[in-house]
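This is what each chain is made of:
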Amino acid sequence: MKKLLCIIPIMIVLLLSSCADKTNNSGKATVYTSFYAVSDFTKTVAGDLVDVINLMPQGMEPHDFEPTATDISKLTKSDLFIYNGGGIDDWADSIIDTLPDTVAVTRLYDTENTDPHTWLSFKNAYAELNTICNALSDIEPQNKAVFEANRDSYIKKLEELENEYKNAGFGGLKMFVTHGAYGYLCEELGIEQVALEGISGESDPSPAQVAQVVDDIKKSGAKCIFYEPLEGDKTAQAVANEAGVIALPLSTFEADDENRDYYTVMSENLEQMKKGLK
Ligand SMILES: [Zn+2]
């Protein structure tokens, strides 16, 4: 009897540690994502069947993020890690080889893109939702039908919004922005994006770049320059004042202080673009 009492606690510990390997306290699989857009898409497809955790602190933009040792330690205990690829979360490429085999890894883009802001195009967003759906179905095959239904209904909703964008008559217009994140969206809509800071959004524009954009805005007859709300409107306001136009916010969906989903943010972006472009 004494011997058996000794074995039972060991068995409980083993049982608990094996549970901890695959699931968390809620009994659900744990999926980590590299930044906000990937996290939001994953939550949309997963619903409440999976615990989705964004590795990046809320409100932080991904271009200059580096994970801490604690972040990486958390990742090693997860079931799945999803990241974008294409230059927005390069740190992930260097850590995936260090993760144990128990962690599945999905990279949404295999190629190195010159512009990493893939998710801002509707077509890319559909493809990303689909890849995420497949990745979740691989780790939770019993929930595949629910993931697929979540993906399908969301894409349907987005397709209606995409039509609103297409019917807004933006084709042939020039769109001035501080951070050049909207290249794929602009391409889909036939808009020419002119970016003050380039695609990395990191460096401050030189006085010569500012002067060039001010000149370009005046010549084009545009009435607005858009800025990323998380970056603030200081640069955009300075350009707007000099060019005699207005500055409006336009989200890159790289992060969101209010935890809004992609559909909500893209709907608001559409309203801002109608105000600023037409
Ligand atoms: Zn960016």
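Just so you know, these numbers come straight off a predicted model, no measurement behind them.

(A) Quick look at the coordination of the zinc ion. Taken together, His63 (NE2), His117 (NE2), His179 (NE2) and Glu254 (OE) make up the full set of protein donors to the zinc ion, lying 1.8 to 2.0 Å away. In the primary structure, the donors to the zinc ion are separated according to the pattern H-x53-H-x61-H-x74-E. Pair noted here: histidine 179 is in the loop between strand S5 (174-177) and helix H7 (183-189) and glutamate 254 is in the loop between strand S8 (246-249) and helix H10 (262-277), with a separation of 75 residues, a long-range link. Here the two residues histidine 179 and glutamate 254 agree in accessibility, since each one is buried.

(B) Highlighting the side chain of serine 39. Locating serine 39 in the fold gives a position in helix H2 (residues 36-46). Under the relative-accessibility criterion, serine 39 is labelled buried at 2%. Leave out the neighbours within four places in its chain, and serine 39 touches Thr33, Val52 and Asn54.

(C) Spatial organisation of the nonpolar core. Counting 64 residues, the largest nonpolar core has Tyr165, Met175 and Met273 as its most contacted members. Built from parts of two domains, this core gets at least three residues from each of domain 1 (26-164) and domain 2 (168-277). Of all hydrophobic cores here, the second largest spans 16 residues; its members include Phe176, Val213, Val214 and Val245.

(D) Region of interest: the sheet that holds strand S7 (residues 224-227). If you walk across this open sheet you meet the four strands as S6-S5-S7-S8, and the pairing is parallel. Edge positions in the open sheet fall to strand S6 (192-195) and S8, since each of these has one partner strand only. Strand after strand, the sheet turns through a mean of 35 degrees between neighbouring axes, direction not considered. In this sheet, S8 lies alongside S7 in parallel orientation, the contact comprising four bridges. Considered in S8, the bridge of cysteine 224 is made with isoleucine 246. The strands touched by helix H8 (residues 207-220) within the sheet are S5, S6 and S7, with S5 carrying the most contacts at an inclination of about 150 degrees. Of the strands in this sheet, S5, S7 and S8 touch H10, which is tilted by about 155 degrees from S7.

(E) Local environment of the environment of asparagine 124. Mapped onto the elements, asparagine 124 comes out in helix H5 (residues 122-139). With a relative accessible area of 18%, asparagine 124 lands in the buried category. In this structure, the C-alpha to C-alpha distance between asparagine 124 and leucine 185, residues 61 residues apart in sequence, is 9.4 Å. Among all residues touching asparagine 124, those that are not within four sequence positions of it are Tyr109, Thr118 and Tyr184.

(F) Expanded view of the packing of aromatic side chains. Tallied over the entire structure, the rule returns nine aromatic pairs. Between the aromatic rings of phenylalanine 81 and tyrosine 83, the centroid separation amounts to 5.4 Å while the plane-to-plane angle is 10 degrees, which identifies the pairing as stacked. By way of ring pairs, the aromatic residues Tyr36, Phe41, Phe253 and Tyr262 are connected into one cluster. Above the face of the tyrosine 263 ring, lysine 157 is positioned so that its terminal group lies 4.5 Å from the ring centre.

(G) Structural detail: the sheet that holds strand S2 (residues 51-54). Strand order in the open sheet made by the four strands is S2-S1-S3-S4, with parallel pairing throughout. The strands lining the two open edges of the sheet, one partner per strand, are S2 and strand S4 (104-107). Sheet twist, expressed as the average angle between the axes of neighbouring strands with direction ignored, equals 20 degrees. Across the face of the sheet, H2 comes into contact with strand S1 (30-33), S2 and strand S3 (80-83) while running at roughly 170 degrees to S2. H5 rests against S1, S3 and S4 of the sheet, and its axis sits at about 170 degrees to S3.

Scoring rules and cut-offs
Residues numbered from 1 in each chain as written. Predicted model: local features only at pLDDT ≥ 70, side-chain atom pairs only at ≥ 80, totals over all residues. Heavy atoms only, no water. Donors = N, O, S within 2.8 Å, 3.2 Å for Na, K, Ca; no water. Helix = DSSP H or I, 4+ residues; strand = E, 2+ residues; numbered from the N terminus. Buried < 20%, exposed > 50% of the residue type's maximum accessible area, 1.4 Å probe, protein only. Contact = heavy atoms within 4.5 Å. Core = buried A, V, L, I, M, F, W, Y, C linked by side-chain atoms within 4.5 Å. Domains from an automatic or database assignment. Pairing = 2+ DSSP bridges. Axes fitted to C-alpha atoms, helices over the stretch in contact; angles between N-to-C directions. Phe/Tyr/Trp six-rings, centres within 6.5 Å; stacked < 30°, edge-to-face > 60°. Lys NZ or Arg CZ within 6 Å of the ring centre and 35° of its normal.

All we've got here are geometric facts, nothing functional implied.
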